[in-house]
Amino acid sequence: MRYHVLGVGSIGSLIAFHLKRSIKLQRKLLQPGPSSKSRRELLLSNLSNKRPASNQGSIVSSLSLPPYVQSELPDPLQSSVTLHMRRRPFGRAAKQRFANSIILEQDGVRDIEGGFQTDFTASAADITASIVRDNRLQEDEDDTGAGRFTISRGTNSSSSEDAALREQTTSRTPVPDHDGGVSLISTLEGVHSQPRAGPIDSLIITTKCDSTLSALEAIRHRLHPWSTIVLLQNGMGVLEMLFDRFFKDADQRPNFVLASTTHGCWKKGPLDVVHASMGTLHFGIVPSARAGSIGFESSRVPLGQTLTMPQGPMSRRRRAAKNARGWDRFSPDADAQDAVTELNPQDAEAPSKMLSLSGIPDQPSLRTLRTTVAALLSLPLQVEWETIRDFQLRSLRKLVINACINPLTALADCKNGDLFGNPAAMDAMWTVCLEAGMVLEAQVREHLASSQASPRQTASAALSAEDLILRSTETGEPMLHPSLTPQALYQEVQRVARLTAANWSSMHSDLKNKRGSTEIDYINGYISALGRGYNIDTTANDLLTNLIKLKTTRATGTNRL
Ligand SMILES: CC(C)(CO)[C@@H](O)C(=O)[O-]
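In the nomenclature of an unreviewed UniProt entry, the chain corresponds to 2-dehydropantoate 2-reductase from the organism Moesziomyces aphidis.

Structural data, given as structure tokens:
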């Protein structure tokens, strides 16, 4: 199985680091030697996560695999992680030195994970430069009459490389990359494939929303209907945009997972990141006709296979995790067994709240979805798979939080906490929440009116307005979900502004770093676009969108909006 990470900023690097570390630890478990149980104990005791004397080389254990995840993970000996990067930040020499490892730091402890596959896509500027260069070369060749009918090839490709390439493209069996990764799709199809250009099994996209299309363009031809794409981004609207631009035909679309995180991370340098605050990673699977009428969410993990106690006293593991610092929070679940054995055997068979991988039908087109979901659940990042309905509600709340905090901190050049208690900021945030709540209410109203006129068809689209609805306990009438009313949204914004008081928002950083564009179209712009669709006035969101665009052009000295 080949995992690919597109966008290796802070969150992309965090995910890639843990994915690779998890594969490495699983491989170690397979090495011959002591029995697997004692090997596991040995490994876990080696990975005690104690802070070392120096600040280098502390190991981070990712090996906390509950049985229901472990059985679904692909063979670690045939798994690899590929980082997709733009060429620009890396010079040729630096590329060799740094590109296949990631440094992750927490509480001052720095750790390194290596052995990544790398894929350098050219930025638009690089592509233009190379076209100009090629044209010049062509003109020179035309002038000398040389090479007119030759096929161009990389100057540094040796004949042995050519032979290897020929072998890879003609072989009947999938060819592993240098780290052992074998494409699951190629294996399932029984086709040969060249590692660097073969189908992408699993793609985790962590680019900024506004860079997604251009970043994906270069590898789009490698996406297969059996591939799985995880969108781990701020903002909303990217999924619809991808459906519209790249994957119009629902039958030919890859599987999609939507994810969102509250982990606090920042980038020190290329592939060098600081995990500043622990958060959560939630995800949901986008509904698809492939799941049949039951969907992906029909089964639950039996209580006995989960690691957490449903009720009663807090387990030792959870107590320790709560008090732990730094990497210790990731310490292996050595006493996970305790949690299971503390259960009454009858209770153990009862379904827990956790969605089960067995809900994803075992068929070739969904195989990469199953393994991607298992891989996500194996990360030591407080990962939770939730129903797409719950995920959608979470995303909408996050959208409004971002719509309040991001543009205001970027415009006022302040930290998140500086907004809190400032009357002008509070007033602006309330107006954003009011408009967002009105738009969502209109969406629900319109949906109810149209579903009465023509009964609802089974939605294979990602997000459904029906999910925003809750039945009132008093009247039984459908109403907007209580967490999406303007008042509830406003409360939530204040809570997050206080929680992240010391942070610079991502939009503030985009402007400060003169990135040239921001995610505003996928945040306030998304609310405005919904408002236009339902004829709801969104003056505050329109204005904030325009002001951010104006400030972006001022910050970069360009006219790019
Ligand atoms: C919640 C948030 C605004 C906190 O900084 C974050 O989503 C961000 O920076 O985009």
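The first and last C-alpha atoms of helix α20 (residues 539–556) sit 26 Å apart over 18 residues, in line with the 26 Å expected at 1.5 Å per residue. Taken together, the buried positions of α20 are occupied by A540, N541, L544, T545, I548, K549, T552 and T553. G557 lies just past α20 and shows a positive phi near 70°.

Our next topic: the nonpolar core. Judged by nonpolar contacts, the single largest core of 51 residues is most densely connected at V81, L83, F283, I360, V373 and L377. With seven residues, helix α1 (residues 10–30) is the largest single contributor of residues to this core. Not counting the four nearest positions on each side in its chain, L377 is found in contact with Y68, V69, F283, L357, V383 and W385.

This part covers the confidence of the model for the chain. For the chain, the mean per-residue pLDDT works out to 80, and 71% of the residues sit at or above 70. Long-range and interchain partners of residues 331–340, a stretch whose pLDDT sits below 50, account for 20 contacts in this model, where long-range means more than four residues apart. Predicted complex metrics record ipTM = 0.96 and pTM = 0.81.

Looking at the ligand, the residues that line it are N234, N402, I405, N406, N416, V496, S505 and S506. Between N234 and the ligand, the recorded distance is 3.0 Å, taken from a side-chain N or O atom to an oxygen atom. With respect to the ligand, the side chain of N406 contributes an N or O atom lying 3.3 Å from an oxygen atom. In isolation the ligand offers 280 Å² of accessible surface; the protein chains occlude 84% of this area. Element by element, the count of residues in the shell around the ligand is highest for helix α14 (residues 388–412), at three residues.

The rules we used
Residues numbered from 1 in each chain as written. Predicted model: local features only at pLDDT ≥ 70, side-chain atom pairs only at ≥ 80, totals over all residues. Heavy atoms only, no water. Helix = DSSP H or I, 4+ residues; strand = E, 2+ residues; numbered from the N terminus. Expected span 1.5 Å × (residues − 1). Buried < 20%, exposed > 50% of the residue type's maximum accessible area, 1.4 Å probe, protein only. Core = buried A, V, L, I, M, F, W, Y, C linked by side-chain atoms within 4.5 Å. Contact = heavy atoms within 4.5 Å. pLDDT = per-residue confidence, 0-100. Near = heavy atom within 4 Å. Polar contact = N/O pair within 3.5 Å; in protein donor to acceptor, adjacent residues only side chain to side chain. Areas by Shrake-Rupley, 256 points an atom, 1.4 Å probe, with all protein chains shown as cover.

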